[in-house]
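Overview (structure and organization)
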Amino acid sequence: MCIPKHDGPNATPRLSLVLPTFNEAQNIEPMILAVSEILEQSQITYELIVVDDDSPDGTWLRALSLGASLPRLRVMRRPRERGLATAVIRGWQASRGEVLGVIDADMQHPPEIIPKLWTQIELGADLAVASRRVQGGSVSKWSLRRRLISRLAENIGRILLPEVVGRVADPMSGYLLVRRDKLVGLPLKPRGYKILIEILGRSEIGKIVEVGYVFRERMANQSKITWRSYRDYLLHLGILRFWRFSTTWRIENH
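Just so you know, these numbers come straight off a predicted model, no measurement behind them.

Below, the discussion takes up the overall build of the chain. Within the chain one finds eight helices and seven strands. In the chain, which comprises 254 residues, the share counted as buried stands at 50%. Considering only contacts in the chain between residues 6 or more positions apart, those separated by 24 or more positions represent 80%. Counting every atom, the chain has about 12,200 Å² of accessible surface; 54% of that belongs to carbon and sulfur.

Both strand β2 (residues 46-52) and strand β3 (residues 73-77) contribute to a ladder of five bridges, which runs parallel. Bridged to V51 within β3 is M76. For the segment spanning β2, helix α2 (residues 59-64) and β3, crossover handedness is right-handed.

The subject of this paragraph is helix α3 (residues 84-93). With seven of its ten residues buried, α3 lies for the most part within the structure. All of the buried residues along α3 are A85, T86, A87, V88, I89, G91 and W92. On its buried face, α3 is in contact with β1 (15-21), β2, β3, β4 (99-102), β6 (176-179) and α7 (195-202).

On to the side chain of T86, then. Residue placement: T86 occurs in helix α3. From its side chain, T86 meets the backbone oxygen of G83 in a polar contact 3.1 Å long. With residues up to four places along the chain from it excluded, the contact list for T86 reads M1, R78 and P190.

Right, let's get into the sheet that holds β1. As a general point, the strands of a sheet are linked pairwise by backbone hydrogen bonds and lie either parallel or antiparallel. Read from one edge to the other, the open sheet built from seven strands follows the order β3-β2-β1-β4-β6-β5-β7, with strand pairing classed as mixed. Of all the strands in the sheet, just β3 and β7 (208-212) have a single pairing partner and so form its edges. Strand-to-strand twist of the sheet, defined as the mean angle between neighbouring strand axes without regard to direction, takes the value 20°. Where β1 meets β2, seven bridges bridge the pair, whose relative direction is parallel. By the bridge assignment, L17 is partnered in β2 with L48.

The rules behind each value
Residues numbered from 1 in each chain as written. Predicted model: local features only at pLDDT ≥ 70, side-chain atom pairs only at ≥ 80, totals over all residues. Heavy atoms only, no water. Helix = DSSP H or I, 4+ residues; strand = E, 2+ residues; numbered from the N terminus. Buried < 20%, exposed > 50% of the residue type's maximum accessible area, 1.4 Å probe, protein only. Contact = heavy atoms within 4.5 Å. Areas by Shrake-Rupley, 256 points an atom, 1.4 Å probe, with all protein chains shown as cover. Pairing = 2+ DSSP bridges. Right-handed = clockwise from strand over helix to strand, strands pointing away. Polar contact = N/O pair within 3.5 Å; in protein donor to acceptor, adjacent residues only side chain to side chain. Axes fitted to C-alpha atoms, helices over the stretch in contact; angles between N-to-C directions.

Spelled out as structure tokens, the structure:
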């Protein structure tokens, strides 16, 4: 899965922000409206792209119903694909912006952080990450068990891929902006839901800035994080570790 080049001067949005969804019918409308309002107030030229994995609850239909009043909204329905990270990439492939972004559609990522991320991109960052692990960030009302599992997953990543995962304080973040030209042509093959690790593992990102935010509780429905999610995360780490080792080996022995 590769990101195509920017379309040039005819591509009006500077920011293409993807909202990956699955069974978010109760959250999608307020989230789209909140994000749109923030971006309009910030005077950022943008497009919103909802990428829905053919939700049984009709999330994509709810999003489509807003199209008449929100001309910068686009909706993609994926009837034969699944996965948060691949949904993000599909949205970026269809995008026109010079800066690519992702925000969850379940109200856990506060839209008011977008302008702060955008400011860092404007100041020269290649990648701006909303982080729960820097000043101003936290995980709200997480249980001790969930905190421990999250920390364990992060620490495993730092052991297996220290030069990748160790570049950021919150490698599990799924809320970010990245310059398109840093991803163009890369063989992106994420597994699971951790798009940030895929970006860090396969690209030549330079300057990274993290912006603190408070991770909110879901407004509706239950969390989609399961033990399978953590299994996919570990497999993803293994794939990236092997890929980086193999690539380095080929370069040294050419």
